[in-house]
Amino acid sequence: MKSSETQASAMAPVDNRAQRAERSPPSRGGDRVTAGIRAAINHVDLNRFRFWFQLVAFVLFVYGGYLAIDLGSRLPFFSCGYNQEGRAGVCYLLPLQHQLSRPWPMLFTAASLSILSGLGIFFLWFIVLNKGWCGFVCPLGTLQDWLTALRRRLGIRYANYTRGQFAQLTKVKYILLALTILIPLGIGGGLWSHDMSPPFCLICPARMILPAFTGDFSQFTIDFSSKTSIVMTTLGMMVTALFIAGGFIKKRFFCFLCPMSALHYLFSKLALFRLKKDGDKCTRCGDCYRVCDLEIKEIADEVNKPNIMTDDCTLCLKCVAACPEDGALKATFAGIPIFESTEAGFIRRMR
Amino acid sequence: MNTPTPIEEQPAFQRTRQAREAELTLDHITDDFDGNPAGMQYFYELFRRTYIKGEPVAHEGKLIGTTCIQVPDELIYAVGATPVRLCNGSYHYDQIGADFMPAKSCSLVKATLGMLHSETRIPKTAKPDLVVNPTTCDQKKKASAMIEDMGYAVYDLEMPNTKESEEARIYWQRSVRLFAHKLRGVTGKRLTRKALKAAMARTARAQAAFRRLHGFRKASPAVVLGKDVFLVTNAFFFDDIDRWTEAVEKLNTELAQRQADGFHAAQRKAPRILFTGSPPVFPNLKLPVLIEEAGGVVVADETCSANRMLYDMTAVDEWLLYDMVDGLADRYLKPCTCPIFTRNDDRRRRLLDLAADFAVDGVVYQSLAGCQVYEMEQKSVAETLNAQGIPMLYIETDYSPDDQGQLSTRIEAFLESIKTRKRKVAA
Amino acid sequence: MPRLGLCAALLMAVLSIDGYCQEAPARKPDGNEGGRPSDAQIAKWRARRPADEVAAKPTPGAATADAPNADSIRGGGRPGGRVMTAKHGSNVLWLSDSPPSRGNGKSRWGGMGGMGGMAMGGGARRGPPVKRLWLRAGIDPQKSGFARDDAKAETEILLVTPQGKPEGEPLSAAEHHKLSFEMPVQGYYRLYLTKRKLKDDTLAVSVAKAEVAYFSHGGDEEERNEAATAPRALDSAPIEIVREKKPDEKMFFRLTSGDEQVFIVLRKGVPVANARVRFVSHAGWVKEAVSDDQGRVSFQIVRDYFPAWNEFEKRFKAAYLVIAETDAVESGRFNDQPYRSVRYQATLSGSYYPSPSDYRSYAWGLGIGFAFLIFCGTAIYLYRRRRVKPFAEVRFDEKQ
């Protein structure tokens, strides 16, 4: 039965009863085991799972270097390269900025194939978890979640953005990404001094904070060796302070402004791990929007598109865990649903 | 708590038309249908005691009367008070309330006013310490002042007329927060985290039990009739929540067994009907009962005396008061499909979703005469449903029992046409 | 593995650029700026400052009697304070990785410190990097000129590669003020230039040593680890200075001002006690010390880079020079001539950089950080408090 809309409203309901019957075929007795496993996953206490996952990932990437673990320098999250002793790999933005800041004669030769190969490896890392790297692995994201937990313990209310502020601030990450790419190119062309390279790393809070976890506090200094260094390191300290204050009062404050997030989103269409929504099952109750750290309203309101991961999303899957409708939201890997919203799971979690 | 009194000592109202009206409906529900679930006995008894024998309904703490489902019950429970839904379905009160309202106006509000005006209120609760009246439809809004004149303390819970905008959401969150403060003034108890969490757990349990019951209605052929489900949800208005939840859970267990056994509560080919529109409030279960008498089965509904009251569940991110109260506010506003809002996209989507999930054959849209908002939405809902090929029967009625014959004819015709269509499709 | 090639190519590119910038020794200003001063000039200088010159040249046999003054004892205070200019001490031969500077102390891109070289690298694989060294004479690390060829001396050049096998004479003796060699593997490359000359009945043996560390980020790790722990002394060297590595010293080590550096004086692999060791800093400050029983002597690297504030370069590469001298009573024949004592002289040069604490301030950093944090916190608190206030009163402005 084709739906013919009489109203031009974008939110007009769509019926697909026939399609729905095809989509969920009756389960046979044979896949009782898979049903059992699936139920176990869908009923999991997501917050606890995430806490432990993030902790393990944090220890791995902040201290893994001591165990000589090296996962390369194209990682799609902030495993800071300045954490020289403990890092188990380097965040891609650092080598990217270094590569882009090569002198132009060198940059426009075949020597720069390494930029493309670097991007390729980054892409291969990225498509595994899509933006889930942000929500489950990134050490900076984990730190923000810990700050949030601290605030929660103290009973301090979190901050919200108004919709207007949201719309404005969400563009900042693209601006930062553009600067992260353009400034090194300018440095390579001789426009600015090398003291400004790598520009984003100099202002990134991870540079200050993550090495501190291995006892290296040398990044907490202002570098007076040149005017550029003074400005950049001062900005860095201010951004770190803002990160701590902001991360304390707003859930995942920095993730909203993160250029790595913008870089992710450029490739997210091709990723394997996705957040899908079945708009028909949605009652627009807004529970997903309620729990979303990034305050993304599209999860609740979008009922036509199946792919609802926006550029702000960190794929933390809290929305999936907070949805009381069976199958309305699901996280899929290569099309296979991994974690689905279920009524029973919701009831168990919201106790 | 209440020992049944012998009939000689029963008060005079017992033999009034009001009691007889309720008795008629209840007897009809219990006796004229086969295969009533054993778990429904609790509810039948409850209604018999409350509506027919007029026994008092007990409550804990202060009694807060509510006139709409948008009032957050959890806040009331959290301060140790008890909520009671005042919406009334009695024709007797409807006639009393007609003094206060224009001729063609909502019977439900008339009945509520009539009840509040009477000396003996059935269900026999104590006098509410506060009547909370959300500013939803026009009739209820204007009734606010009238209720106050009747000698009740009334609190207007300010509800926005739109729900898409951020301003509306913030406005409603503030209303709810103010309401919580108001409750503190009424009960003298401050809202604490622990109390609110416990209250939310109670309602969550009730909602979960309802969802399970709701889920059983998807079964084809039906394992439970709509008349019973309406009774169950109507009982939620005034019954003790924990007792109610237990009874529903028992009913669910029985229905699970029925489903396993392959029990049919209705005929195999009975047309499955989605009931929407103005809420059927006991004893005015006229239309659902008529439908099921005529051979249909009401498998789903979108009314505020059943589905809408209990379906949506609250999600909370941080179990601290600011988030819990705002979460409650969001749950009571955002998914609400009441026609008092400017747009009804969510209602139409929900109707289609229910129609699909419950394999519905037809929709019966009831609007009480004088209910402006439901009457106005009829057109858009009809268009949406017809576009999907779902037949809809629109019935405008009120509480008077006089039109039963005419309605029954129309319903039978509707069900016939559905059956014919199904046969044609099958062929 | 391709990274090795890329990094090697880059290194070579850097060095060639480096060399290109530093080429043209002919453009030296005349006067006492290194190179070959004319005899007339030498006479003129000698006439002007006889005393210093005498003091500059250590007399044979006087080395051991040279009582070290208090402040040159190891671990003690300030540098010696005797500034030597190029012409003096011109008998000190040493190997440098840079030609004489033009006097402006221009800094060069100081190698692969810190984060450099992470993902760099050109495209095509070129050969292994080549290191070029210059043999210079004189005690001033900046201005000493190229060493003159000495027909009377016997020169032997030895290159020790990280694999440890000394290779003899890979370099042409003719133009030996410019020496270069390839660095195919990672590790420490050591070049020993031994010059023997007979003066009266004393044999002067001077060994100019250069130790070049070649490690690359993308290279073979095993090779790197092996090289890092390989012995760095040559058993056949008549005298040599070895820079002692601290046990926790990292591979890409940079000496900075303020560090304490220990040098060991060895003769044929055996520590030499009581050798007179001089440490010359980039600006020419000299500190003297005497090696102890284990041949060890420690110097604290001075800070002698005092540019104007806005000309400060944190990667300024300063050169130091360590000279060790000792005399021994040995007799033998050299070129059919007898000798009764031997004067040994060993040199080693290296680089040091400004210490980060010279330009990095924790106080400012943490101060700014905390100040801004408190500012943000206060702003948030005040904003929240203001929101709880009732709505502002509506008033009319009476002004017409």
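Note that this is a predicted model, so its numbers are computed, not measured.

**Here's the deal with the domain arrangement of chain A**
Residue and element names in this part refer to chain A. We note that the domain assignment places domain 1 (47–265) and domain 2 (273–351) within chain A. Inter-centroid distance (C-alpha atoms) of domain 1 to domain 2 is 27 Å. Taken together, the 20 residues of domain 1 in the interface contact 13 residues of domain 2. If you list the elements that add at least two residues to the side of domain 1 that touches domain 2, you get α6 (113–129), α7 (132–137) and α14 (259–267). Within the side of domain 1 that touches domain 2, the residues separate by chemical class into nine nonpolar, seven polar and four charged.

**Let's talk about the sheet that holds strand β7 (residues 362–368) of chain B**
All names here are of chain B. One open sheet accounts for four strands, arranged β6-β5-β7-β8; its pairing is parallel. Both edges of this open sheet fall to β6 (297–302) and β8 (392–397), since each of them pairs with a single strand only. Here the average twist between neighbouring strands, direction ignored, is 25°. In the sheet, strand β5 (residues 272–277) pairs with β6 via five bridges, with the strands oriented parallel. For Arg-272, the partnering residue across the bridge sits in β6 and is Val-297.

**Thoughts on unusual backbone geometry**
Here the amide bond leading from A:Ser197 into A:Pro198 is cis, since omega sits at -5°, within 30 degrees of zero. Position of A:Pro198 among the secondary structure elements: in the loop between α10 (172–188) and α11 (199–203). Along the chain, B:Ile122 connects to B:Pro123 via a cis peptide bond; the corresponding omega equals 0°. One non-glycine residue, C:Asp200, lies in positive phi territory at about 55°. Among the secondary structure elements, C:Asp200 is positioned in the loop between β7 (187–199) and β8 (202–214). You can call C:Asp200 exposed: it has 10 C-beta atoms within 10 Å. If you check the backbone angles, C:Asn274 has positive phi at about 60° while not being a glycine. Its 15 C-beta neighbours within 10 Å are what place C:Asn274 among the partly exposed residues.

**Thoughts on helix α3 (residues 46–63) of chain A**
Residue and element names in this part refer to chain A. The terminal C-alpha atoms of α3 lie 25 Å apart, and with 18 residues this matches the ideal 26 Å at 1.5 Å per residue to within 8%. The set of residues buried in α3 consists of Gln-54, Ala-57, Phe-58, Phe-61 and Val-62. One side of α3 holds all its buried residues, which, seen down the axis, span an arc of 110°. The outward face of α3, more than 90 degrees from its buried face, is lined by the exposed residues Arg-48 and Trp-52.

**Quick word on the sheet that holds strand β2 (residues 82–85) of chain B**
All names here are of chain B. Read across the sheet, four strands follow the order β2-β1-β3-β4 without closing on themselves; strand pairing throughout is parallel. One side of each edge strand has no neighbouring strand; the edge strands of this open sheet are β2 and β4 (154–157). Across the sheet, the axes of successive neighbouring strands diverge by a mean angle of 25°, strand direction being ignored. Note that strand β3 (residues 130–134) and β4 share four bridges and pair parallel. Within β4, the position partnered with Val-132 by the bridge is Tyr-155.

**Some points on the interface of chain C and chain A**
Of the residues lining the interface, 23 residues belong to chain C; the matching set on chain A comes to 29 residues. For the side of chain C that touches chain A, the secondary structure elements donating two or more residues are β19 (360–361) and α5 (362–388) of chain C. The element contributing the most residues to the side of chain C that touches chain A is α5(C), with 11 residues. For the side of chain C that touches chain A, the per-class residue count stands at 14 nonpolar, seven polar and two charged. Pairing analysis gives two bridges linking strand β1 (residues 222–223) of chain A to β19(C), with the strands arranged antiparallel.

**Considering the packing of helix α4 (residues 93–100) of chain A against α6(A)**
Residues and elements named next belong to chain A. Relative orientation of the contacting elements α4 and α6 amounts to 165°, with a least axis distance of 10 Å. One element, α4, and the other, α6, form an angle in the roughly antiparallel class. Classified by chirality, the crossing of α6 by α4 is left-handed. Contacts between α4 and α6 pair Pro-95, Leu-96 and Gln-99 from the former with Ser-114, Ile-115 and Gly-118 from the latter. Residue classes in the contact of α4 with α6 are distributed as three nonpolar, three polar and no charged.

Procedures and definitions
Residues numbered from 1 in each chain as written. Chains lettered and ligands numbered in written order. Predicted model: local features only at pLDDT ≥ 70, side-chain atom pairs only at ≥ 80, totals over all residues. Domains from an automatic or database assignment. Contact = placed C-beta atoms within 7 Å. Helix = DSSP H or I, 4+ residues; strand = E, 2+ residues; numbered from the N terminus. Nonpolar A, V, L, I, M, F, W, Y, C, P; charged D, E, K, R; others polar. Pairing = 2+ DSSP bridges. Axes fitted to C-alpha atoms, helices over the stretch in contact; angles between N-to-C directions. Buried ≥ 20, exposed ≤ 12 C-beta atoms within 10 Å, placed from the backbone. Expected span 1.5 Å × (residues − 1). Arc of directions from axis to C-beta. Parallel < 35°, antiparallel > 145°, perpendicular 65-115°, else oblique. Left-handed = near helix turned anticlockwise from the far one by under 90°.

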